[in-house]
Amino acid sequence: MTQNTKIAIVDDEVHIRALLEQTLEDLEGEPEILMAANGAEGLALIEREHPQLVFLDVMMPLMNGYDVCAAVRRNPDLADTTIVMLTAKGQESDRLHGLDIGAHHFATKPFDPDEILELARRILRTS
Amino acid sequence: MSKTAGYLKEAWTRQQFELAYPLLPAGTAAAVWFGGKPLAAVGEGGAELSAGAPAVLSFDLRLEGEVLGTVLLRPPPGAAAAAAAWGDLLVHGLQGVIEAQYARHSVAQETLESYREMALLQRAVSELNHSLKPVTVAASLLKEFQGHKGATDFGAVFLRNADDGSYSALGAFGAAAEAACAALVQSRLFAAMDGQPQGDIVNDLAQSPLWAGEVAEFQSLLWLPLSVPGESLGLLVLAARRPEGFAAADLKRAQTLVSVASSALRNAQLYAAEQAMFQSFVRVIATAIDAKSPYTAGHCRRVPEIALMLAEKAHQAEHGPFAGFTLDDDERNALEIAAMLHDCGKVVTPEWVVDKSTKLESINNRLGLVALRFELLRRDALIGYYRAKAEGRPDAGQDYQNRLRQLDEDFALLETCNTGGEFVSPEHVERIRRIAATRWRTAGGEEFPLLDENEVYNLSVQRGTLNPEERKIIEDHVVHTIKMLSQIPFPRSLRNVTEYAGGHHERIDGRGYPRGLKREQLSIPARIMAIADIFEALTAPDRPYRKAGTLSWAIGVMHRMKQEGHIDGDLFDLFLSEGVYLAYAREHLADSQVDPVDVTPYLDSRESSSNLA
């Protein structure tokens, strides 16, 4: 993991952002953690900062996670950005749609911190 | 780097500092250090400021009494008071942020711990509750600690025997785990754990008065009781090769898992007890059927052995017709139960039909009655002789001798036909009818035929001892088996028992009974049942109708049955090529029965019955 590793968290719920941020602080190499509170802001952040990894909520105001994901996938500059969609428990059926539009992974909220850490490590190691 | 470093973010602090800087007396240099790192520096020489240097004002940033950082100011001469006031204000603000961040982190940490526990529970519940075997529950529980980052070197689940309170290992991991378990159970420490409602951590075993180094490598230990309300089930013991191997978090995590494992273990034990009871019921029924007739003794016990041996070979086959056939534990169990119960319908078959050893046997062998009638005729002949002699007839002696010879010959024929060992030809039937027509007279002068209609009917049976009606009664046992088993609400895992058990007299050409099913309508286990049933019957000790057969004879008979479309050819080939017949024979047959068999002529693949399907 390089020093300028960037991870973006895009979620409208402040407690999810805080919990994910705190979880990701356990990652080695102190990656820079960027946050956005809605889809539009999130897409702008991703396009500006080119994070290697994005945790993207599905249900958000202004622009939902699927639209953000689709927009990121349309942008060839962001080909190296891995997207982890965050779905609420019970919305697992949405996963198929997410995979269709280019999401790589899914995590269910409430998430298992250890699983998130392991997933992030795996993604950043290979990116 | 301690996590407290995150309480003050570099970018935010720098911004805050730059916003406040214009309020300082001109020419002041200032810097903030936090968590051992410079976060911001302003003014000339700000980056080089250090506490204790001349004219440098220093303000501590604290959290719960601990100094985490410093704000340093070097005001120009005469501006110390104004700079100090600025410093107080800034530190007050930063201090508030640090405390808020600390509180937020603590709450988040607590929440994340709950998330962890919830995730662990969700995973453990499905993993642990999925198993219905105590030993699998123990293995699933231990897997949660094996290779976990806590670096647990040893783990074991001990089961408490409810009868005598003794403990035995149900599962364990680690080097020399078996020996360690045995030594552990003997220790005073282990005895002290018994019956305790709560578990604990022993951080330094060497210091424990209850530990005499029973397992030399163990330096620290964690243990927890496995229990359900009102009942102690056992113990989980984890050990490490270093002191302080376990922390409070490990105990908490183990508690979560053990609470789930305890109820899973209890359920598995109850299930195992139910299973054992069901199995013994099945065995009782099988034994009862076997005991009904001395001639089928052990049949219901031996058929499962043959069936399982053959099914196992079909399961293992990687090539040929059984490459795709698999047998999981549930199906293995279903086949065994089906094989034990395949003749359960015989409980309603009258014994006198099952055991009918001669044609004139009903409740008793009626040949004796016939013999008595012959005796009567002999007396009549003797009386006739004396009467003729008294009348002075010269050929009286010759007539008498001829009559006796005739009677002896006739009776000998009936005796032979009665056994069922000989084929009764139409000529024989003709002679039986002629003998039957002989009349005998009571003292009162009433006349009767020598054999009644029923006796003629039975003696005329061509093969074996059973007349068609009796044969039907025998065949009906499968119908009763199917009827009886259909009434048992078998669980999903045993749903095929009736099909397996009810198909053992079907033939692959569709000419079997009771349903006349064809090969493709019969499952492989049902076809295996047929082979096992026939092989056991052929090689069983004495049967009513014949002596115990030799192995080569039995294989020869079965080979003919394969050619006639009676039994499945592929399975019979497997039965021979995998040596199932021989393995069974060596274990269960008398040495005198086990003669050498050359199976190669029987294994001609061209006559494989798959063509018959």
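Residues numbered from 1 in each chain as written. Chains lettered and ligands numbered in written order. Predicted model: local features only at pLDDT ≥ 70, side-chain atom pairs only at ≥ 80, totals over all residues.

**Overview of the overall build of chain B**
Across its full length, chain B holds 19 helices and 11 strands. When contacts within chain B are restricted to residue pairs at least 6 apart in sequence, those whose partners lie at least 24 apart make up 64%. (Helix = DSSP H or I, 4+ residues; strand = E, 2+ residues; numbered from the N terminus. Contact = placed C-beta atoms within 7 Å.)

**What about the overall build of chain A?**
What chain A contains, in helices and strands, is 5 helices and 5 strands. Counting helices and strands in the order they occur from the N terminus, chain A gives β-α-β-α-β-α-β-α-β-α. Put simply, chain A has 127 residues, and 35% of those count as buried. In chain A, once contacts between residues fewer than 6 apart in sequence are set aside, the share between residues at least 24 apart is 65%. (Buried ≥ 20, exposed ≤ 12 C-beta atoms within 10 Å, placed from the backbone.)

**Section: the sheet that holds strand 7 (residues 200–202) of chain B**
Residue and element names in this part refer to chain B. Spatially, 5 strands are ordered 6-5-9-8-7 in an open sheet, and the strand pairing comes out antiparallel. Both edges of this open sheet fall to strand 6 (167–173) and strand 7, since each of them pairs with a single strand only. On average, each strand axis in the sheet is inclined to that of its neighbour by 20°, with strand direction left out of account. Examined bridge by bridge, strand 8 (residues 220–228) and strand 9 (residues 231–240) share 9 bridges and lie antiparallel to one another. (Pairing = 2+ DSSP bridges. Axes fitted to C-alpha atoms, helices over the stretch in contact; angles between N-to-C directions.)

**Overview of the interface of chain A and chain B**
On the chain B side, the residues contacting the 11 residues of chain A number 11 residues. Considering each element in turn, the side of chain A that touches chain B owes the most residues, 4 residues, to helix 1 (residues 14–24) of chain A. A class-by-class count of the residues in the side of chain A that touches chain B yields 5 nonpolar, 2 polar and 4 charged. (Nonpolar A, V, L, I, M, F, W, Y, C, P; charged D, E, K, R; others polar.)

**Comments concerning the pairing of strand 5 (residues 154–160) of chain B**
Residue and element names in this part refer to chain B. By the criterion of burial, strand 5 is predominantly enclosed, with 7 of the 7 residues buried. Side chains of strand 5 alternate between two faces, with Phe154, Ala156, Phe158 and Arg160 and Gly155, Val157 and Leu159 buried alike. Alignment of strand 5 against strand 9, held across 6 bridges, turns out to be antiparallel. Bridge pairing in strand 9 places Val157 opposite Leu236. Alignment of strand 5 against strand 6, held across 6 bridges, turns out to be antiparallel.

**Overview of the sheet that holds strand 3 (residues 53–57) of chain A**
All names here are of chain A. A sheet is described by the order of its strands in space; here 5 strands give the open sequence 2-1-3-4-5, paired in parallel fashion. With one partner strand each, in any of the chains shown, strand 2 (32–36) and strand 5 (105–109) form the two edges of the open sheet. Between one strand axis and the next, the sheet turns by 20° as a mean value, whatever way the strands run.

**Some points on the confidence of the model for chain A**
Model confidence for chain A is summarised by a mean pLDDT of 87, while 91% of its residues fall at 70 or above. Within chain A, no element has a lower average pLDDT than helix 4 (residues 95–100) of chain A, which sits at 70, and none a higher one than strand 1 (residues 6–10) of chain A, at 96. (pLDDT = per-residue confidence, 0-100.)

**Details of the pairing of strand 4 (residues 82–88) of chain A**
Residues and elements named next belong to chain A. Among the 7 residues that make up strand 4, 5 are buried, leaving the element largely enclosed by the rest of the structure. Bridge count between strand 3 and strand 4: 5 bridges; the pairing is parallel. If you follow Val54 over to strand 4, its bridge partner there is Ile83. For the handedness criterion, the β-α-β arrangement of strand 3, helix 3 (residues 65–74) and strand 4 is classed as right-handed. Of the strand pairs in this sheet, strand 4 and strand 5 are connected by 5 bridges, and their pairing is parallel. Following the sheet pairing, Thr87 is matched in strand 5 by Thr108. (Right-handed = clockwise from strand over helix to strand, strands pointing away.)

**Section: unusual backbone geometry**
Backbone torsion omega between Lys109(A) and Pro110(A) reads 0°, so that peptide bond is classified as cis. Structurally, Pro110(A) is set in the loop between strand 5 and helix 5 (113–126). With an omega of 5°, the peptide bond running from Tyr513(B) to Pro514(B) counts as cis. Following the sequence through the fold, Pro514(B) ends up in the loop between helix 15 (497–502) and helix 16 (524–539).

**Here we look at the environment of Ser262(B)**
Residue placement: Ser262(B) occurs in helix 6 (residues 248–292). Every residue in contact with Ser262(B), bar those within four places of it in the chain, is listed here: Leu226(B), Ser227(B), Val228(B) and Leu233(B).

**Brief notes about helix 16 of chain B**
The terminal C-alpha atoms of helix 16 of chain B, which comprises 16 residues, lie 23 Å apart, in line with the 22 Å expected from a rise of 1.5 Å per residue. Burial within helix 16 of chain B is extensive, with 15 of its 16 residues counted as buried. (Expected span 1.5 Å × (residues − 1).)

**Some words on the packing of helix 11 (residues 396–419) of chain B against helix 12 (residues 426–437) of chain B**
A pair of packed helices is characterised by two quantities: the angle between their axes and the separation of those axes. All names here are of chain B. Two elements in contact, helix 11 and helix 12, have axes whose closest approach is 11 Å; the angle formed by their N-to-C orientations is 125°. The angle between helix 11 and helix 12 places the two elements in the oblique class. Taken as a pair, helix 11 and helix 12 cross one another with a handedness that is left-handed. Contacts between helix 11 and helix 12 involve Asp410, Leu413, Leu414 and Cys417 on the former and, on the latter, His428, Arg431, Ile432 and Ile435. Residue composition of the contact of helix 11 with helix 12, by class: 5 nonpolar, 1 polar and 2 charged. (Parallel < 35°, antiparallel > 145°, perpendicular 65-115°, else oblique. Left-handed = near helix turned anticlockwise from the far one by under 90°.)

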